[in-house]
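Residue-level listing of the chains:
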Amino acid sequence: MTWRSLVAMAGLLAASLAAAQTPTRWSFSLPTSAVTSAGVYSHQDKLLRTLWRAESLAAGPHNGAWNGLDDLGRPATEAGYEFRVIHHQIRYVWEGVYGNSSADIGGPTVHKAYLPPTSLVLDGERVIYATGYNEAQSALHAFAVATPHYALPKPLPASSIEPFVSYSMIAADATRLYWANTGGMSRSSFVGVLELQTARAAQFSAGVAVCLARRPNGQCYEPQDYKSVISLETDEALVPTGLAVQRNGRVLAVSHAGVGQVRLFDKTSGVLLNRIQLPLAAKVLNQIAITPGGDLWVISGRKLLRYTRLDDTPTLAASIDTLVQPVAVAAHPTRDDEVWVADGGTSQQIKRLNRSGRTLGAIGRAGGHRQDPAVGFDRLCFQGREGREQTALLPMANNTIWVVDHCNNRTLRFRTDAGDDVHSDAQVAYLPGVYASTVDHANPRRVFANFLELDTEPDVPAHPGPRWKLVRNWLVGLPAALVDRRAFNGLLGGLQTVETLSNNRTYGMLTAHDRQVMVELPAAGPLRVVKMFGQPLPGATPVSMYENGNLGYALSGPSTQSVMRLPLTGFDSTGDPVWATEPLVLARVPKQAGSPHYRGAFAGFAPRFPVTGSGKVVFFDQSVIGNEGFHLGAAAMGGTDWLWQASPSGPLDGKGSFQTKAIDGSTHYGGNAVLTHGRHIIYGYHGEFHKDLQTLRVGQANQFMHFDESGLFIGQFGQPSTRPYPATQPGLSGNAFSPTLVRIGERLYLYHNDESSHGGVHRWRIEGWNQLQELRGAGKTGSTIVLR
């Protein structure tokens, strides 16, 4: 390096230090009190320093000074700068959820669970239902027969609130509730018992003890310490598949399809009385039932068998072979000659039979949905995971029956005393754990959860009533190419994006067999495959579809990351979309330590790189490992550098900071999707297993961060699971990583999925979004700049 170079560098350093020591002052006046954020910008529109985030200021004059340092503590070197202040009174209003039939929108009377109902029993004037594994929530629920739209709070003891068991089937006599555990987080399965009157755990006098989880010192954790259970198995293939009890006799029946066996126990002592050996369907539920007189009905293949003399010498008394594919069976509570069967396969009906097999009546249209996704109360659907079928039945003495319409995520009550006019007059509906949800921007009445489509009333708040209707189940008639482990209505299955394009036809994106697929949602008939995408190119992210039909992805090289777009250019002769063959590069940014480029972290589904109203291309780093700098940033359209970087790593503080694993070792996942509308940018931070640094509880953050396209912070909303709260606190959600930002008229809404905290698709109203105001002022270093 030459002497002249050294002198020049020294001069620049001296000038920089002088600038840092010479404060640049600013002043402005607010017409009303407001929430404010401020920043210093270069004349090239680059954010150099965020002065403050989300500070509430009073009406009137305000002033201060900037020390000349940028966000990294380095002296800024320009001769002049622009100061900006945004101010607003934006509020975030939670409006409730869609897809839940509960009369309340919050509190302990909301129906909710991680899985659909798996088993039903009647106890006096209440219906108790089990939901299997329930993510450390109660697995036993109830409602009064007279008011099914209200869940009864705390129906049974807290022993059902633990993740190591799965309360999958229940049966009751006059005093006890028997429950079958099919595994949960433990490999053990067994049958336990509770006292109905006291709501406490009971014991079998000849039962055995089992511990499902032990402390480091070898002692059993109390919630996982079961003192007295029966039919204990440690092989996952031998889980219970049926549970039934004699109401007046002494027999408790438990079927284990894995060994082709129905075990008959003394219901008080737990002593094994006998076994019935016969072929049974594996991986099903509710395959046995007991009549009022004490006989046993068993589903064996396509046959329905009736056994008598259970407490002596079980004897086959009847065999019915007129069914298509029986899935579940239930006995009428008072009529010994009447049995109800859910007949799956090509039938999809509930059939009422006498003991000789004569059909006395049927519920549901023969064939169910067949190939028609349109939902009706006369179309049942028993389809479950991996091609299995599942339902539960509860016949009542008052000529009604409750039926779990499994793949429509609802439980329906049918009246059966109206001759041929069998109809549903009530429902209990909630969405189980849903990770895939979206809204059609062109028609926001259409709200999607997994494969279900809800018709909503978007111009009114989501509460106080169920302002939605289930209209389609796109799982019905699903093309064979799309049938995989996700092909059911829960968790990660279903539609991730749905948009009606300029040809007035509707298209969606989903994942099948680990490939992205574009489908059409036709006006009639099932989903149609439009395009199956191959694996992404090396360094490329999966493809996202945007509101206008453009496809986009990001491409990473050794030192840069580029946002690519394939513009929609039209439609072919069949009406399918056509895109440009060569992608456009919207922006290219340097990959630097601490910069918010996408690092490949879990993003829910395909990461998005949206564009703001003025053409700023947005980047988001969701990762909790590998970046202790900024997590949100933007570049100009066609730009090659960062315009701004925001959302710094730090404890969740209500001001847009991003909590990483370096701050909180408990955190597994951080952010998910980033969305834009006009100048507004919102990203989600679901924060799985994050530690709340105020309460030290570990849970889910459920936060949404709101920024302006200038990089300044606007607000933060969402209800974490780590704060003290009632049973269902307004806004509480879990793993909400499928948000959609939708404008409806002059209102702006954020919709998002829910793991099961509220049992529906949430909606937040961003009140005052279009009244955000900005003050600006430019001047030289060391001067006083007035913002107007």
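Located above this text is the structure these notes cover.
Residues numbered from 1 in each chain as written. Predicted model: local features only at pLDDT ≥ 70, side-chain atom pairs only at ≥ 80, totals over all residues. Heavy atoms only, no water.

Draft legend 1. Region of the structure containing the overall build of the protein chain. Counting its regular elements, the protein chain contains one helix and 60 strands. The C-alpha radius of gyration of the protein chain comes to 30 Å, within 12% of the 28 Å expected for a compact globule of 788 residues. For the protein chain, the spread of C-alpha atoms along the principal axes amounts to about 105 × 70 × 50 Å. Buried positions account for 59% of the 788 residues belonging to the protein chain. Sequence separation of at least 24 residues holds for 54% of the intrachain contacts in the protein chain that already meet a minimum separation of 6. Only carbon and sulfur atoms are counted for the fraction: they give 52% of the accessible area of the protein chain, which is about 30,600 Å². Averaging the coordinates of the 70 positive side-chain charges in the protein chain and doing the same for the 64 negative ones gives two points 3 Å apart. (Helix = DSSP H or I, 4+ residues; strand = E, 2+ residues; numbered from the N terminus. Rg over C-alpha atoms; globule rule 2.2 N^0.38 Å. Buried < 20%, exposed > 50% of the residue type's maximum accessible area, 1.4 Å probe, protein only. Contact = heavy atoms within 4.5 Å. Areas by Shrake-Rupley, 256 points an atom, 1.4 Å probe, with all protein chains shown as cover. Lys, Arg positive; Asp, Glu negative; His and termini not counted. Charge placed at Lys NZ, Arg CZ, Asp CG, Glu CD.)

Draft legend 2. Just the sheet that holds strand β49 (residues 644-648), in detail. Taking strand neighbours across the sheet as the criterion, the three strands line up as β47-β48-β49 in an open arrangement whose pairing is antiparallel. Here the strands that pair on one side only, and so sit at the sheet edges, are β47 (616-620) and β49. Strand-to-strand, the axes of this sheet are offset by a mean angle of 20 degrees, without reference to chain direction. In this sheet, strand β48 (residues 630-636) lies alongside β47 in antiparallel orientation, the contact comprising five bridges. Residue pairing for β48: valine 617 is matched across the bridge by alanine 635. (Pairing = 2+ DSSP bridges. Axes fitted to C-alpha atoms, helices over the stretch in contact; angles between N-to-C directions.)

Draft legend 3. Up close: the state of the cysteines. Taken as a whole and assessed by the stated rule, the structure comprises two disulfides. Two residues, cysteine 211 and cysteine 220, share a disulfide whose sulfurs are 2.2 Å apart. Handedness here is read from the sign of the S-S torsion; for cysteine 211 and cysteine 220, about 105 degrees, the answer is right-handed. The connectivity of the disulfide bonds within the protein chain can be written as 1-2, 3-4, using the sequence rank of each bonded cysteine. (Disulfide = S-S within 2.5 Å.)

Draft legend 4. Expanded view of the pattern of salt bridges. Tallied over the entire structure, the rule returns 46 salt bridges. Here lysine 267 ties to aspartate 173 by a salt bridge, and the two come within 3.0 Å at their closest N and O atoms. Linking lysine 267 in the loop between β19 (261-266) and β20 (272-277) with aspartate 173 in the loop between β11 (167-172) and β12 (176-181), this pair joins segments that are 94 residues apart in sequence. According to the relative accessible area criterion, lysine 267 is buried, its value standing at 10%. With relative accessibility at 5%, the residue aspartate 173 sits in the buried group. The residue glutamate 453 makes a salt bridge to arginine 472 at a minimum N-O spacing of 3.1 Å. One end of the pair, glutamate 453, is in strand β35 (residues 452-456); the other, arginine 472, is in strand β36 (residues 468-473), and 19 residues separate them in sequence. Accessibility expressed as a relative area gives 2% for glutamate 453, which makes it buried. One salt-bridge network, held together by shared partners, links Asp45, Glu82, Arg84, Lys616, Arg679, Asp708, Glu774 and Arg776. (Salt bridge = Lys/Arg side-chain N within 4 Å of Asp/Glu carboxyl O.)

Draft legend 5. View of the sheet that holds strand β9 (residues 140-144). Read from one edge of the open sheet, four strands run β7-β8-β9-β10, paired in antiparallel fashion. A single partner strand is all that each edge strand has here, and the edge strands are β7 (119-123) and β10 (147-151). Sheet twist, expressed as the mean angle between neighbouring strand axes with direction ignored, is 30 degrees. Bridge count for β9 against β10 is two bridges, and the pairing is antiparallel. When the sheet's bridge partners are listed, phenylalanine 143 is paired in β10 with alanine 151.

Draft legend 6. Fine view of the packing of aromatic side chains. According to the stated counting rule, one finds 31 aromatic pairs in the structure shown. Ring centres 5.2 Å apart and planes at 70 degrees place the aromatic pair phenylalanine 707 and phenylalanine 713 in the edge-to-face group. By the burial criterion, phenylalanine 707 is buried, and phenylalanine 713 matches it. Each residue in the set Phe620, Phe658, Tyr683, Tyr685, Phe707 and Phe713 is aromatic and connected to the rest through ring pairs, giving one cluster. (Phe/Tyr/Trp six-rings, centres within 6.5 Å; stacked < 30°, edge-to-face > 60°.)

Draft legend 7. Highlighting the environment of proline 479. By secondary structure assignment, the location of proline 479 is in the loop between β36 and β37 (497-500). In contact with proline 479, other than residues within four places in its own chain, are Leu527 and Val529.

Draft legend 8. Fine view of the pairing of strand β27 (residues 349-354). Of all six residues that make up β27, six are buried, and the element is covered over most of its length. Sheet topology note: the strand β26 (residues 338-343)/β27 ladder contains six bridges and is antiparallel. Its bridge partner lying in β27, valine 341 is registered against lysine 351. Relative to strand β28 (residues 359-363), β27 runs antiparallel, the two sharing four bridges. Paired with lysine 351 across the bridge in β28 is alanine 362.

Draft legend 9. Representation of the nonpolar core within the structure. Ranked by size, the top nonpolar core spans 39 residues in total, and within it Leu632, Trp644, Tyr683, Phe707, Leu750 and Ile766 carry the most contacts. Contact partners of isoleucine 766, with chain neighbours within four places excluded, come to Ile90, Arg91, Tyr92, Ile682, His706, Leu741 and Leu748. Counting residues in each nonpolar core, the second largest holds 21 residues, with Ile128, Ala130, Ala172 and Leu194 among its members. (Core = buried A, V, L, I, M, F, W, Y, C linked by side-chain atoms within 4.5 Å.)

Draft legend 10. How the structure looks around unusual backbone geometry. The phi dihedral of asparagine 286 falls on the positive side, at around 60 degrees, and the residue is not glycine. Residue classification places asparagine 286 among the buried positions, given a relative accessible area of 9%. For leucine 696, which is not glycine, the phi dihedral falls at a positive 65 degrees. Relative to the helices and strands, leucine 696 is located in the loop between β52 (688-691) and β53 (698-700). The class for leucine 696 is exposed, based on a relative accessible area of 59%.

Draft legend 11. Representation of the side chain of arginine 565. Inspection of the secondary structure puts arginine 565 in strand β43 (residues 560-566). Of the buried charged residues, arginine 565 lacks a salt bridge, with glutamate 547 as the closest side chain of opposite charge at 9.7 Å. A distance of 2.7 Å separates a polar side-chain atom of arginine 565 from the backbone oxygen of phenylalanine 609. Setting aside residues no more than four positions away along its own chain, arginine 565 makes contact with Tyr546, Asn550, Leu551, Gly552, Pro583, Leu584, Leu586, Phe609, Pro610 and Val611. (Polar contact = N/O pair within 3.5 Å; in protein donor to acceptor, adjacent residues only side chain to side chain.)

Draft legend 12. Up close: the environment of alanine 79. Tracing the chain through its elements places alanine 79 in the loop between β4 (60-66) and β5 (80-88). We classify alanine 79 as exposed; its relative accessible area is 62%. When the C-alpha positions of alanine 79 and glycine 782 are compared, they lie 9.1 Å apart, and in sequence the two are 703 residues distant. Alanine 79 has contacts with Lys780 and Thr781, leaving out every residue within four places of it along the chain.

Draft legend 13. Structural detail: the side chain of glutamine 349. Here glutamine 349 is to be found in strand β27. Overall, glutamine 349 belongs to the buried group, its relative accessible area being 11%. Reaching out from glutamine 349, the side chain makes a polar contact with the side chain of serine 347 at a distance of 3.0 Å. Side-chain polar atoms of glutamine 349 contact the backbone oxygen of glycine 364, separated by 2.9 Å. Residues contacting glutamine 349, with those up to four places away along its chain left out, are Val341, Ala342, Asp343, Ala362, Ile363, Gly364, Arg365, Ala366 and Phe382.

Draft legend 14. Main features of the environment of valine 698. Positionally, valine 698 belongs in strand β53. The class for valine 698 is partly exposed, based on a relative accessible area of 46%. Note: C-alpha distance between valine 698 and threonine 308 (390 residues apart in sequence) is 53 Å. Those residues within four positions of valine 698 in sequence are excluded, and the remaining contacts are Ser666, Phe689, His690, Lys691 and Thr722.

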